[in-house]
Amino acid sequence: MRWHCLQHMPDEGPGHAADWLAAHGHSLTFTRLFEANPAFPALAEFDGLLILGGAMSVHDEAKFPWLREEKAFIKEVLRAGKVTLAICLGAQLVAQELGAEVRPNAEPEIGFWTVRFSAKALEHPLLRGWPEKAGVLHWHVDTFTVPPGAIRVGMSAGCATQGFVWGDGIIGLQFHPEFTVEMVEKLMQFENHEAAEEQEFVQTAEQIRAKLKSVWKGRKLLESLLANLVAVHEGELLSF
């Protein structure tokens, strides 16, 4: 299967997703939006889309003009029915294109926090094999409402909408299952998180490092999800 990745920042790459796709014989190409003159592929050139996170907001079009082109591209992908996995900022972009509202969360959510997955979402073919809950990495200030016609993936104590599933093969996740330990360390450095103080839903750098082994929980969710997305593309999973 041919996958294409929209990457917004140099240090926020596909992580565990790239490892799984390579190990299972899938190709992965990139549009790196932080580079000059980013180009988007024709729809016929890929089968699945992976949209990653970033420090910017979906509303930052004045500062990042490429957001307009990216949103137009995402709209085309959704209309074409391509299987899509969108993470954090990526999920917010897809949610917005599906008619949801993207707005600041009540509090920032940074660190390893438990997400409880909804019973209805766990019945969806894309979430086949997922547990009822998992402690996963979060790093966001904004959130989104559930798009019309979508299913809420789950919630945490700090964020009511931790993702959505729309149709048979489109899923957005607010949390980060793709992050490796090295990526977490780089993100803390980029965000100057060593100086961050503990808040209700913000862990300190020391607290995050104490939970770094939890990245494997996100990795297991991601690997199961990617396998299910491939199966949907190949017609091996029944429609929901």
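Throughout this description, residue numbers start from 1 for each chain and increase along the sequence as written. Restriction of local features to residues with pLDDT of at least 70 applies here, the model being predicted, together with a cutoff of 80 or more for giving and counting side-chain atom pairs; totals for whole chains, interfaces and linings are based on all residues. Water and hydrogen atoms were dropped before computing side-chain values, which therefore reflect all heavy atoms in the structure.

As named in an unreviewed UniProt entry, the chain is Glutamine amidotransferase domain-containing protein, taken from Hymenobacter sedentarius.

**Student:** Account for the UniProt feature "domain: Glutamine amidotransferase" (unreviewed entry) in the chain, with residues named and values stated.
**Tutor:** UniProt positions are given in the numbering used here, feature names are shortened, and annotations may be inferred rather than shown by experiment. Cross-referencing UniProt, the feature "domain: Glutamine amidotransferase" (unreviewed entry) maps to residues 42-183 in the present numbering. Each helix corresponds to a stretch of at least 4 residues labelled H or I by DSSP, and each strand to a stretch of at least 2 residues labelled E; elements are numbered beginning at the N terminus. Between the first and last C-alpha atoms of residues 42-183 the distance is 30 Å; the span itself is 22% helix and 35% strand.

**Student:** Which residues make up the sheet that holds strand S10 (residues 170-173), and what values go with them?
**Tutor:** The criterion for strand pairing is that DSSP finds at least two bridges linking the strands in question. Strand order across the open sheet formed by seven strands is S2-S1-S3-S4-S10-S9-S7, with mixed pairing between neighbours. In this open sheet, the two edge strands, each paired with only one partner strand, are strand S2 (27-32) and strand S7 (151-152). For strand S3 (residues 48-51) and strand S4 (residues 83-87), the ladder comprises four bridges, and the chain directions are parallel. Paired with Leu-50 across the bridge in S4 is Leu-85. The strands touched by helix H3 (residues 89-97) within the sheet are S3, S4, strand S9 (163-166) and S10, with S4 carrying the most contacts at an inclination of about 125 degrees. Here, two residues are considered to be in contact whenever any of their heavy atoms come within 4.5 Å of each other. To get an axis, fit a line to the C-alpha atoms, keeping to the stretch in contact for a helix; angles then go from 0 to 180 degrees between the N-to-C directions. Across the sheet, helix H7 (residues 215-233) lies against strand S1 (2-7), S4 and S10, angled at about 155 degrees from S4, the strand it touches most.

**Student:** Requested: an account of the nonpolar core, with residues and values cited.
**Tutor:** Grouped burial of nonpolar side chains is what soluble globular proteins tend to show. Of all hydrophobic cores here, the largest spans 35 residues; its most connected members are Trp-3, Leu-85, Trp-130, Ile-171 and Leu-226. Elements with a contribution of two residues or more to this core: S1, helix H1 (16-23), S4, strand S5 (102-117), strand S6 (133-144), S10 and H7. A total of eight residues in this core trace back to one element, the largest contributor, which is H7. For Trp-130, the contacting residues outside a window of four places in its chain are Phe-117, Leu-122, Val-153, Leu-173, Phe-175, Leu-221, Ser-224 and Leu-225. We define the nonpolar core as a collection of buried residues of types Ala, Val, Leu, Ile, Met, Phe, Trp, Tyr and Cys that are connected through side-chain atoms lying within 4.5 Å of one another. Exposure classes here rest on a 1.4 Å probe applied to the protein chains alone. A residue is buried below 20% of its type maximum, exposed above 50%, and partly exposed in between.

**Student:** Residue-level account of the pattern of salt bridges, with values.
**Tutor:** Throughout this description, the term salt bridge denotes a Lys or Arg side-chain nitrogen within 4 Å of a carboxyl oxygen of Asp or Glu. The tally for this structure, following the rule as stated, stands at nine salt bridges. A salt bridge links Lys-186 to Glu-182, with the nearest nitrogen and oxygen atoms 3.6 Å apart. Pair noted here: Lys-186 and Glu-182 are both in helix H5 (residues 181-190), with a separation of four residues, about one helical turn. Where Glu-194 meets Arg-209, a salt bridge forms, and the shortest distance between an N and an O atom there is 2.4 Å. Of this pair, Glu-194 sits in the loop between H5 and helix H6 (205-210) while Arg-209 sits in helix H6, placing them 15 residues apart in sequence. Residues joined by salt bridges that share partners form a network here, namely Glu-61, Arg-68 and Lys-71.

**Student:** So what's going on with empty space enclosed by the protein? Which residues, and what values?
**Tutor:** Here a cavity means grid points, on a 1 Å grid over the protein atoms only, where a 1.4 Å probe fits yet cannot get out; a pocket means an open set of points with protein on both sides within 12 Å along at least five of seven lines; lining residues are those with an atom within 4 Å of a point. Grid points are joined across faces, edges and corners, and a volume is the space filled by probe spheres set on the points. All chains considered together, the criterion is met by one cavity of 30 Å³ or more. Reported here for the largest cavity is a volume of approximately 30 Å³. Around the largest cavity sit Phe-112, Val-136, Leu-137, His-176, Pro-177, Phe-179, Ser-214, Val-215 and Gly-218, which together line it. Looking at the lining of the largest cavity, the elements with two or more residues in it are S6 and H7.

**Student:** Any chance you could break down the environment of Pro-41 for me, citing the residues and the numbers?
**Tutor:** Considering the arrangement of structural elements, one finds Pro-41 in the loop between S2 and S3. For Pro-41, a relative accessible area of 16% translates into the label buried. Pro-41 sits 37 residues away from His-4 along the chain, and the two C-alpha atoms are 8.3 Å apart. For Pro-41, the residues in contact, after removing those within four places along its chain, are His-4, Thr-31, Phe-46 and Phe-73.

**Student:** Now, about the packing of helix H2 (residues 66-80) against H3: what can you tell me, with residues and values included?
**Tutor:** Orientation of H2 relative to H3, taken along the N-to-C sense of each, is 65 degrees, at an axis distance of 10 Å. Of the possible angle classes, the one that applies to H2 and H3 is roughly perpendicular. Classified by chirality, the crossing of H3 by H2 is right-handed. On the side of H2, the interface is formed by Leu-67, Glu-70, Lys-71, Ile-74, Lys-75 and Leu-78, while H3 contributes Leu-93, Val-94, Gln-96 and Glu-97. Charged residues are taken to be Asp, Glu, Lys and Arg, nonpolar residues to be Ala, Val, Leu, Ile, Met, Phe, Trp, Tyr, Cys and Pro, and polar residues to be all remaining types, Gly included. Grouping the amino acids of the contact of H2 with H3 by side-chain chemistry returns five nonpolar, one polar and four charged. Under this scheme an angle from 65 to 115 degrees is roughly perpendicular, one under 35 degrees roughly parallel, and one over 145 degrees roughly antiparallel; angles in between are oblique. When the near helix sits turned anticlockwise from the far one by under a right angle, the crossing is termed left-handed; a clockwise turn instead gives a right-handed crossing.

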